[in-house]
Number of protein chains: 2
Amino acid sequence: MRDRVLAAVVSAGMTKFGKLEGYSARELLALAFREALDRCPELDPKRDIDAVFVGNMAGEAWEHQGHWGPIVADWVGLVPKPATRFENACASSGVAFRHAVTAVKSGLTDVALVAGVEKMTHRPIQETTEFLALASDHPFEQLHGLTFPGLYALMATAHMHRYGTTEEQLAMVAVKAHKYGALNPKAQFQKPVTIEKVMSSRVIAWPLKLYDCCPVSDGAACALITRPELAKKFTDTPVYVVGSGQGSDYIGLYEREDLTTIRSTVAASRTAYRMAGVENPVKEIDLIELHDCFTIAEIIAYEDLGLCGKGEGGRMVEEGRTELDGDIPVNMSGGLKAKGHPVGATGVAQVYEVFLQLRGEAERGRQVPDAETALTHNVGGSGPTCVVHVFRR
Amino acid sequence: MRDRVLAAVVSAGMTKFGKLEGYSARELLALAFREALDRCPELDPKRDIDAVFVGNMAGEAWEHQGHWGPIVADWVGLVPKPATRFENACASSGVAFRHAVTAVKSGLTDVALVAGVEKMTHRPIQETTEFLALASDHPFEQLHGLTFPGLYALMATAHMHRYGTTEEQLAMVAVKAHKYGALNPKAQFQKPVTIEKVMSSRVIAWPLKLYDCCPVSDGAACALITRPELAKKFTDTPVYVVGSGQGSDYIGLYEREDLTTIRSTVAASRTAYRMAGVENPVKEIDLIELHDCFTIAEIIAYEDLGLCGKGEGGRMVEEGRTELDGDIPVNMSGGLKAKGHPVGATGVAQVYEVFLQLRGEAERGRQVPDAETALTHNVGGSGPTCVVHVFRR
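Residues numbered from 1 in each chain as written. Chains lettered and ligands numbered in written order. Predicted model: local features only at pLDDT ≥ 70, side-chain atom pairs only at ≥ 80, totals over all residues. Heavy atoms only, no water.

## Focus on a negative patch on the surface
Residue and element names in this part refer to chain A.
Step number 1: The grouping of E168, E312, E318 and E319 at the surface amounts to a negative patch.
Step number 2: Within the fold, E319 resides in the loop between α13 (313–318) and α14 (335–339).
Step number 3: The class for E319 is exposed, based on a relative accessible area of 53%. (Patch = residues over 30% accessible without salt bridge, like charges linked within 9 Å, V, L, I, M, F, W, Y side chains within 5 Å. Areas by Shrake-Rupley, 256 points an atom, 1.4 Å probe, with all protein chains shown as cover. Salt bridge = Lys/Arg side-chain N within 4 Å of Asp/Glu carboxyl O. Lys, Arg positive; Asp, Glu negative; His and termini not counted. Charge placed at Lys NZ, Arg CZ, Asp CG, Glu CD. Helix = DSSP H or I, 4+ residues; strand = E, 2+ residues; numbered from the N terminus. Buried < 20%, exposed > 50% of the residue type's maximum accessible area, 1.4 Å probe, protein only.)

## Some points on the pairing of strand β7 (residues 219–226) of chain B
Residues and elements named next belong to chain B.
Step number 1: Of all the eight residues making up β7, eight are buried; the element is thus mostly covered by neighbouring parts of the structure.
Step number 2: Of the two faces of β7, the one lined by G219, A221, A223 and I225 and the one lined by A220, C222, L224 and T226 are each fully buried.
Step number 3: Sheet analysis places strand β1 (residues 7–14) next to β7, joined by six bridges and oriented antiparallel. Bridge pairing links A8 to T226 in β7. (Pairing = 2+ DSSP bridges.)

## What to know about helix α7 (residues 148–163) of chain A
All names here are of chain A.
Step number 1: Its 16 residues give α7 an end-to-end C-alpha distance of 22 Å, which sits within 8% of 22 Å, the value for a rise of 1.5 Å per residue.
Step number 2: Burial in α7 covers these residues: F148, P149, G150, L151, Y152, A153, M155, A156, A158, H159 and M160.
Step number 3: The inward-facing, buried residues of α7 abut α6 (125–132), α8 (167–181), β5 (203–205), β6 (208–209), α12 (295–304) and β10 (373–380).
Step number 4: After α7 finishes, the residue G164 shows a positive phi value of roughly 75°. (Expected span 1.5 Å × (residues − 1). Contact = heavy atoms within 4.5 Å.)

## Considering the relation of the copies chain B and chain A
Step number 1: Rotating chain B by 180° and translating it 0.0 Å along the rotation axis places it on chain A, where the RMSD comes to 0.0 Å. Interpreted geometrically, this transformation is the action of a two-fold axis. When each C-alpha of chain B is compared by its distance to the rotation axis, S106 of chain B comes out closest, at 1.8 Å.
Step number 2: Both copies share a contact surface, since 100% of the interface residues of chain B are interface residues in chain A too. (Least-squares fit on C-alpha atoms with pLDDT ≥ 70 in both.)

## Comments concerning the pattern of salt bridges
Residue and element names in this part refer to chain A.
Step number 1: Here the structure, examined in full by the defined rule, presents 50 salt bridges over all chains.
Step number 2: Notably, a salt bridge pairs E60 with R85, separated by 2.8 Å at the nearest N-O pair. Note that E60 is positioned in helix α3 (residues 59–63) and R85 in strand β3 (residues 83–86), a separation of 25 residues in sequence. In terms of burial, E60 and R85 fall into one category: buried.
Step number 3: Among the ionic pairs, E323 bridges to K179, the shortest N-O distance being 2.8 Å. With E323 in the loop between α13 and α14 and K179 in helix α8, this pair connects stretches of sequence that are 144 residues apart.
Step number 4: E323 gets classed as buried once you look at its relative accessible area, which sits at 18%.
Step number 5: Residue classification places K179 among the partly exposed positions, given a relative accessible area of 40%.
Step number 6: A cluster of three or more residues bridged by salt bridges with shared partners is formed by E35, R39, K186, R359 and E361.

## Looking at the packing of helix α7 (residues 148–163) of chain B against helix α12 (residues 295–304) of chain B
Residue and element names in this part refer to chain B.
Step number 1: Two elements in contact, α7 and α12, have axes whose closest approach is 9 Å; the angle formed by their N-to-C orientations is 60°. Classed by the angle they form, the pair α7 and α12 counts as oblique. Where α7 crosses over α12, the handedness of that crossing is left-handed. When α7 is examined against α12, the residues Y152, M155, A156 and H159 are found in contact with a partner set consisting of I296, A297, I299, I300 and E303.
Step number 2: Across the contact of α7 with α12, the residue classes break down as seven nonpolar, one polar and one charged. (Axes fitted to C-alpha atoms, helices over the stretch in contact; angles between N-to-C directions. Parallel < 35°, antiparallel > 145°, perpendicular 65-115°, else oblique. Left-handed = near helix turned anticlockwise from the far one by under 90°. Nonpolar A, V, L, I, M, F, W, Y, C, P; charged D, E, K, R; others polar.)

Laid out in structure tokens, this is it:
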């Protein structure tokens, strides 16, 4: 296995997700960075970190601010080191993480800071919806009034039509997310919900109701990665990256042959599995953090990640197979649905969660016992981008 | 030298720069890609290209469109391959190029498409100025009314004050740019100008006049890169990347100790020189494409790149040392000033130019005879980002 290791995560930090009033995005990032430093006293940032990788989706819209690479380098004290901003919609920091792994593997970077941030809640919700729509196709989606709940609703109705997936099964994804989010002190929502509550919440874009949709959130997360052979210099318990895959799909749903699958997830996961030597993900992976921006997204991801057959995703959640005591625990952090979804931070926040889990540091009731292998799945927009990583302790 | 080679450029393409009415950004990119394919008939894109790297600064603002990675993958027929968008202001595609070189060096990518694009001219100039300002600091620059001509004017007055640099020397940078731009069929401006014309043009932000500023432009450029050992499969005359450096500086001018230098350029160039084994750039490099968004930027870049001593940049242009027949020809393409500056395209457009030059394919009067080594220098904003590459044929 040793020669398959791409990189090692030696520390990570994350703000609480939620409505964080009075902070700007750069301040949130500095807070997340502080936690990562506190957790890794052996690392001297100025001496050791040699490049910065930042994921941010739409700071231009929310704070009239682009050029996030050097802003982050400045706020963590790393000028004049190289600092790059990545934008792949809600997969921005998952993609930043992948490129940091690539840089470490190339030998051009020894220690990289990967950071993700989004500050969203200070703007009116109409603006937020419009800004998020930047990640969909302008001529044929945005201009016709399609927003993200609508896009995922189209996928949901297609899945219901073809496979008999039910509104109740969608609701079960939300119930599971809130159940574990309630145990995560960094989650935006820390209250369990019932199926009845989800089913009776107001319709946003049928069949998706309020509780089928992730919230609007502020937050930041970061991770420090290095070459595997340097990892023990910084921590006795690094987490290794053993697979990395990224894929694309048509940005416009109108271009896709099938609305019940996302090609980028299939491509990214198969690349990552091949690299990590994973043949049967349900058997070989101990937990998954996947991109449940809407409940239907989790069900489709089960199928596209190969955790079950096509059309079986609804049953998978219904049968409890993705609970803590199921075949393969999914989103023990609460997921985007309950933990929150500051879009540019989500990819690295997933890395933060698996870093805790694989070191046995997550809270009781959501810690997967003796977890050795984990997977993160981060999607941009309606699926035009997906990035998947496999980790081992 | 062989073992120092990071990657090889096997083809490149570029639209004309200028006011390209009736095209959207994605269409411009497809046109640039077409030229790159036509120049490299041995390459089958679907079979050979395995990742897409896109530089775009502010499609969100100009076309209400983000998520450029998968859009480009779609328009060049490469879905479901990985596709990433990079944003580092006007250095977006230079940074994309660097990360593609990194990916090739890591072994995770065999052949990469690097593309850059910006469509700017269809919006009113007030909006364009505001959108460009996204690359400067929001709280302490944008909110106080500073725009890019103002930021560079501050650097110019500091340089004039400390070193006696003159308005005439600034004008000479513009005259040189137009002289060579007039010979470049892809340049936005193809007419020589006189010092008198530059000096008498209207003041934008003193001491910068209209002809001290690059224009607003539409355009796209791309390059195809691969591992050195695969290059000859695709062309008999590849151009090799032998040095790559990136640096950062404080985004706010108010944070910098010295306005007459840009730290990111110093850091990026020294890294690239070290990697390429360059000790004396004037002697060892045959031509430079540098980031002359304003005339003062070229003079400061001479100094920061180590082509002359601190404060000697004005004399360097005055003495003709950066002309075609000078010590080290600079911006034989016309530079941003005359070739045009579609911000997200500029970094790769510089690569396009050195690709032509090192293969001896540039037009008469601007082709550097027997050029063997070249350098590109791409800056984001007022200097918070700089990326430098060294190439050899």
